[in-house]
Amino acid sequence: MARGERRRRAVPAEGVRTVERAARGGPGRRDGRGGGPRSTAGGVALAVVVLSLALGMSGRWVLAWHRARRAVTLHSAPPVLPADSSSPAVAPDLFWGTYRPHVYFGMKTRSPKPLLTGLMWAQQGTTPGTPKLRHTCEQGDGVGPYGWEFHDGLSFGRQHIQDGALKLTTEFVKRPGGQHGGDWSWRVTVEPQASGTSAIPLVSLFFYVVTDSNEVLIPEVGSKGQLKFISGHTSELGDFRFTLLPPTSPGDTAPKYGSYNVFWTSNPGLPLLTEMVKSRLNSWFQHRPPGASPERYLGLPGSLKWEDRGPSGQGQGQFLIQQVTLKVPFSIEFVFESGSAKAGGNQVLPRLAGSLLTHALESHAEAFRERFEKTFQLKEKGLSPGEQALGQAALSSLLGGIGYFYGQGLVLPDMGVEGTEQKVDPALFPPLPLFTAVPSRSFFPRGFLWDEGFHQLVVQRWDPSLTREALGHWLGLLNADGWIGREQILGDEARARVPPEFLVQRAVHANPPTLLLPVAHMLEVGDPDDLAFLRKAFPRLHAWFSWLHQSQAGPVPLSYRWRGRDPALPTLLNPKTLPSGLDDYPRASHPSVTERHLDLRCWVALGARVLTQLAEYLGEAEVAAELGPLAASLEAAESLDELHWAPELGVFADFGNHTKAVQLKPRPPQGLVRVVGWPQPRLQYVDALGYVSLFPLLLRLLDPNSSRLGPLLDILADSRHLWSPFGLRSLAASSSFYGQRNSEHDPPYWRGAVWLNVNYLALGALHHYGHLEGPHQARAAKLHSELRANVVGNVWRQYQATGFLWEQYSDRDGRGMGCRPFHGWTSLVLLAMAEDY
Ligand SMILES: *[C@@H]1O[C@H](CO)[C@@H](O)[C@H](O)[C@H]1NC(C)=O
Ligand SMILES: *[C@@H]1O[C@H](CO)[C@@H](O)[C@H](O)[C@H]1NC(C)=O
């Protein structure tokens, strides 16, 4: 089974065919900056009325048309970030970055039409046939562990990559200056994994530059396929020049002999770069260092002539790639110089290479270490050097995974009729940028809404300005109704990683509003720049929250229900609830509109509380008066009890049409089929002890004197239920769903495994109640320190054993599971180590 096809994605079966149509036929797919449809809701409404009068259309049809328009119309509140906020003039420091998280190493500009650079490599002569070309991060290519040892999110990073017998180190440093985002330099070092291996590997590195439109690249050829430099000009970058310096031995300046090949063609489309290089890597060349015996290697055509085999070379951009082949060990530097970066007196700056680069890298590394300790104080808190290194890698890999995406999402409008087949095509969302961290460079290299709230909890401790950028971009995705799609697949590179049937986001599906967690932290800390940001962001945050609270309203006041549960197919043990983020966590066995979801109610309560605080702080009296009472009602113990306390279970629970008596049984020829036994489903509390049951505790909604706190701590601390030596399990070991597959093809996901995001919330809550006077204070404090030791200890052991942070951890033996590297919310291990909640 293709692991992860099931992850966090709804499968809108009826949308599949139409998606491809929309994706192909959509106007302006590769278009640049043009704004999308921005008509205001009022304008649209007026047009609708006029149109319907003129044509005598039925009200139903008009309503449908109107809803469809609004789904892909941007919200009218003023943008949080001005349109030019990513430009080199406004944000020069952030213009260049490692914003291509899905490649092992590459940089690009924050631009709708970026200039992109990247690295590929291959070990020659290991196996007959084509060498294995490394470029994009893959789960199954045998590369790893890999990840950033240091990355400051701005100007410097050092990454290590293990690839079989090879050890690669990729470093970059940026140097500000001029009006176009400044200069940068890379150093790539390749060494043998173990010293004293018999055959010294012959390795090819491929450095490439890609443009996406009419921009100009002019290669200057030296001898034997070696480029002297590439000069160029774009409107955003002005004049610039790339130089690939001669290879040296690592830590040395003596040049090493290398063989050169070059290839220059039109941009085949970003998703096709690897394939294009692979297909052109078909001629044999000789590597003949003086005084050594020659060796054959596979190379690119070699001579520098423009090859354009596409139907139209115009306006597609260029793809220029230099291959260098030599024996390990070696280092190579690749330098970008901006024409406008000048020293004082308009003098040319010395090139950031050789010893100057070594010095810059060392001083950045030193500054990183100091700032890291100052920010997180792991050393002072007594964590071991190894654990400190884990913390640095967690932060660095999260920051090094920040991407910049630009493109159009596909949206299926909400037609307001649940459970009926929607006869409507997905539509293209206006083209928009997104600056965001990603859950996993290999598996989820794109934006995920609820993950991002957790990511930014870590990022904001390190650099609050990065968090403002990310939140500002996410809030820019708000549609006219106040909805943000939970998975953002923007641009060709991101889209190429997702099968067409998973591209569509439904405008009725929500996702936990975790972006409010970093917002709450901003309010708590009170950094003036954050507060100024919140003032601008407020109308959008309010619209987003209002949409959530209204669109996901439940069957009775103050109850809430996730829209978009999977339909009750005979092959599913328990129809999933992807919008909740907890995918296959068991809910009512028979989906219905009578459901009340506990986690969602708690998220809304948290949202109401944060928005009320924000409104009060900003003097937004009207909103404070609207949301204050809502927050109070949602936090009131009586109302929570009335809707969610299950006396027969002794915990808080979901409510719905439910029976425990469901099972998957083999039924040839269909395979596994769900069988419903006795008792039949009826309206009742859902017996599924796990993360959902803990939500009033996790989000700190209970009074420390609440009589409900004790029972929640009981199930949390009981190893028959949620406690494991590796952290809290997602579903109690005592549950009948524990460790169960949801269908023949769908292994358990949130049915027992330990997840870091929820364990972090639990640690924060235990820490909180451990500091408030009440009957459970001492117990909460004790549980906090035990849970922290378990979670941190296990992530550390798994990191030592595998070199990776993992998506989830086994509650049985602590093993890392799911995809890796998962430097998204698993990086919260750093805040757990720092006891920063
Ligand atoms: C619960 O589900 C069953 C099976 O679909 C259905 O027959 C029954 O009417 C439902 N009960 C309620 C109260 O919705
Ligand atoms: C909990 O109860 C104790 C004893 O009655 C009281 O001192 C304390 O202030 C209460 N805590 C809160 C947060 O109300």
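All values derive from a computational prediction rather than experimental measurement.

## Overview of the pattern of salt bridges
Consideration 1: With the rule as written, the count across this model stands at 30 salt bridges.
Consideration 2: When the shortest N-O distance is used, the salt bridge between R779 and D714 registers 3.0 Å. Taken together, the residues span a long stretch of sequence, with R779 in helix α18 (residues 777-802) and D714 in helix α16 (residues 709-717) at a distance of 65 residues.
Consideration 3: Salt-bridge contacts for R788 lead to E835; the nearest nitrogen and oxygen are separated by 3.7 Å. Of this pair, R788 sits in helix α18 while E835 sits in the segment after α19 (829-834), and the two are 47 residues apart along the sequence.
Consideration 4: The exposure class of R788 is buried, given its relative accessible area of 18%.
Consideration 5: For E835, a relative accessible area of 32% corresponds to the partly exposed category.
Consideration 6: The network of salt bridges with common partners includes E149, R158 and E171.

## Quick notes on the confidence of the model for the protein
Consideration 1: In this model, the protein carries an average pLDDT of 90, and 90% of its residues clear a pLDDT of 70 or more.
Consideration 2: Low pLDDT, under 50, characterises residues 1-42; the predicted model gives this stretch 100 contacts beyond four residues in sequence or across chains.

## Here we look at the sheet that holds strand β12 (residues 259-266)
Consideration 1: As summarised here, the arrangement of the six strands in space is β1-β2-β3-β8-β15-β12, forming an open sheet in which the pairing is antiparallel. Each edge of the open sheet is held by one strand with a lone partner, namely β1 (96-97) and β12.
Consideration 2: Looking at chain direction, strand β3 (residues 116-124) and strand β8 (residues 202-210) are connected through nine bridges and run antiparallel. If you follow A122 over to β8, its bridge partner there is S204.
Consideration 3: Packed on one face of the sheet, helix α4 (residues 273-280) meets β3, β8, β12 and β15 (318-327) and runs near 55° to β15.

## A closer look at the packing of helix α15 (residues 691-698) against helix α17 (residues 756-770)
Consideration 1: For the pair α15 and α17, the least separation of the axes is 10 Å and the interaxial angle reads 40°. As summarised for this structure, α15 and α17 are arranged oblique, according to the angle between their axes. Read as a crossing pair, α15 and α17 show a hand that is left-handed. Where α15 abuts α17, its residues Y691, P696, L697 and L698 lie against V758, N759, L761, A762, A765 and Y769.
Consideration 2: Looking at the contact of α15 with α17 residue by residue, the classes come out as nine nonpolar, one polar and no charged.

## What to know about the packing of helix α12 (residues 598-618) against α15
Consideration 1: The contact between α12 and α15 brings their axes to 8 Å, and the two run at 20°. Classed by the angle they form, the pair α12 and α15 counts as roughly parallel. Crossing of α12 against α15: the hand is left-handed. Facing α12, whose interface residues are L598, D599, C602 and W603, α15 presents V692, S693, F695 and P696.
Consideration 2: Partitioned by chemical class, the residues of the contact of α12 with α15 number six nonpolar, one polar and one charged.

## Points about the nonpolar core
Consideration 1: Residues L205, L541 and W750 are the most contacted members of the largest nonpolar core, which totals 217 residues.
Consideration 2: Examining the composition of this core, we find that 13 residues originate from one element, α12, more than from any other.
Consideration 3: Setting aside residues no more than four positions away along its own chain, L205 makes contact with L119, M120, W121, V188, V190, Q322, Q323, V324, F330 and I332.
Consideration 4: Listed in part, the 17 residues of the second largest apolar core include Y208, L273, L298 and L300.

## Quick look at the site of ligand 2
Consideration 1: For ligand 2, the full set of nearby residues is P704, N705 and E773.
Consideration 2: One of the side-chain N or O atoms of E773 is found 3.4 Å from an oxygen atom in ligand 2.
Consideration 3: In the complex, the protein chains occlude 38% of the 360 Å² of accessible area that ligand 2 would expose alone.

## Section: the environment of G739
Consideration 1: Residue position: G739 is located in the loop between β31 (727-728) and α17.
Consideration 2: Sequence-wise, G739 and Y749 are 10 residues apart; in three dimensions their C-alpha atoms are separated by 8.2 Å.
Consideration 3: Not counting the four nearest positions on each side in its chain, G739 is found in contact with P748, R751 and R812.

## Some details on the site of ligand 1
Consideration 1: Surrounding ligand 1, one finds H590, N657, P681 and L683.
Consideration 2: N657 has a polar side-chain atom sitting 2.3 Å from an oxygen atom of ligand 1.
Consideration 3: Out of a free accessible area of 360 Å², ligand 1 has 40% covered by protein chains.
Consideration 4: Considered class by class, the residues forming the shell around ligand 1 number two nonpolar, two polar and no charged.

## Quick notes on empty space enclosed by the protein
Consideration 1: Scanning the model with the defined rule gives 12 cavities of 30 Å³ or more in all.
Consideration 2: By volume, the second largest cavity amounts to about 100 Å³.
Consideration 3: Elements that contribute at least two residues to the lining of the second largest cavity include exactly β18 (410-412) and β22 (487-488).
Consideration 4: Its residues placed into classes, the lining of the second largest cavity shows seven nonpolar, four polar and one charged.

## Remarks on unusual backbone geometry
Leave glycine aside and you will find that most residues have negative phi; peptide bonds, for their part, are mostly trans.
Consideration 1: Here the amide bond leading from P668 into P669 is cis, since omega sits at 0°, within 30 degrees of zero.
Consideration 2: Tracing the backbone shows P669 in the loop between β27 (662-667) and β28 (671-676).
Consideration 3: For the peptide bond that leads from W678 to P679, omega is 0°, which places it in the cis range.
Consideration 4: Tracing the chain through its elements places P679 in the loop between β28 and β29 (682-685).

Analysis parameters
- The numbering scheme is per chain: residues are counted from 1 as the chain's sequence reads.
- Naming scheme: in the order in which they are written, chains are lettered from A and ligands are numbered from 1.
- For this predicted model, a pLDDT threshold of at least 70 governs which residues receive local features, and a threshold of 80 or more governs which side-chain atom pairs are given and counted, while totals over whole chains, interfaces and linings are taken from all residues.
- Processing note: side-chain calculations cover all non-hydrogen atoms of the structure and skip hydrogens and water entirely.
- For this analysis, a salt bridge means a side-chain nitrogen from Lys or Arg found within 4 Å of a carboxyl oxygen belonging to Asp or Glu.
- Secondary structure counts use DSSP, requiring at least four H or I residues in a row for a helix and at least two E residues in a row for a strand, with both numbered from the N terminus.
- Only protein chains enter the area calculation, which uses a 1.4 Å probe; residues under 20% of their type maximum are buried, those over 50% are exposed, and those in between are partly exposed.
- The predictor rates its confidence in each residue with pLDDT, a number between 0 and 100.
- Residues are treated as being in contact if the distance between any of their heavy atoms lies within 4.5 Å.
- Whether two strands pair comes down to DSSP finding at least two bridges between them.
- Working convention: axes come from line fits to C-alpha atoms, limited for helices to the stretch in contact. Angles between N-to-C directions cover 0 to 180 degrees.
- When describing relative orientation, an angle under 35 degrees is termed roughly parallel and one over 145 degrees roughly antiparallel, while 65 to 115 degrees is termed roughly perpendicular and anything else oblique.
- For any pair of crossing helices, the crossing counts as left-handed if the nearer helix is rotated counterclockwise from the farther one by less than a right angle, and right-handed if it is rotated clockwise.
- Three residue categories are used. Nonpolar comprises Ala, Val, Leu, Ile, Met, Phe, Trp, Tyr, Cys and Pro, charged comprises Asp, Glu, Lys and Arg, and polar comprises the others, including Gly.
- To form a nonpolar core, buried Ala, Val, Leu, Ile, Met, Phe, Trp, Tyr and Cys residues must be joined to one another through side-chain atoms within 4.5 Å.
- Any residue with a heavy atom positioned within 4 Å of a molecule or strand is treated as near that molecule or strand.
- Polar contact criterion, stated in full: a pair of N or O atoms within 3.5 Å, where within protein one must be able to donate a hydrogen and the other to accept it, and residues adjacent in sequence count only if both atoms are side-chain atoms.
- Computed with a 1.4 Å probe, the accessible areas rest on the Shrake-Rupley method; for each residue, only the protein chains presented here act as cover.
- Only protein atoms enter the 1 Å grid used here. Points where a 1.4 Å probe fits but cannot escape make up a cavity, open sets with protein on both sides within 12 Å along at least five of seven lines make up a pocket, and a residue lines them when an atom lies within 4 Å of a point.
- Grid points are joined across faces, edges and corners, and a volume is the space filled by probe spheres set on the points.

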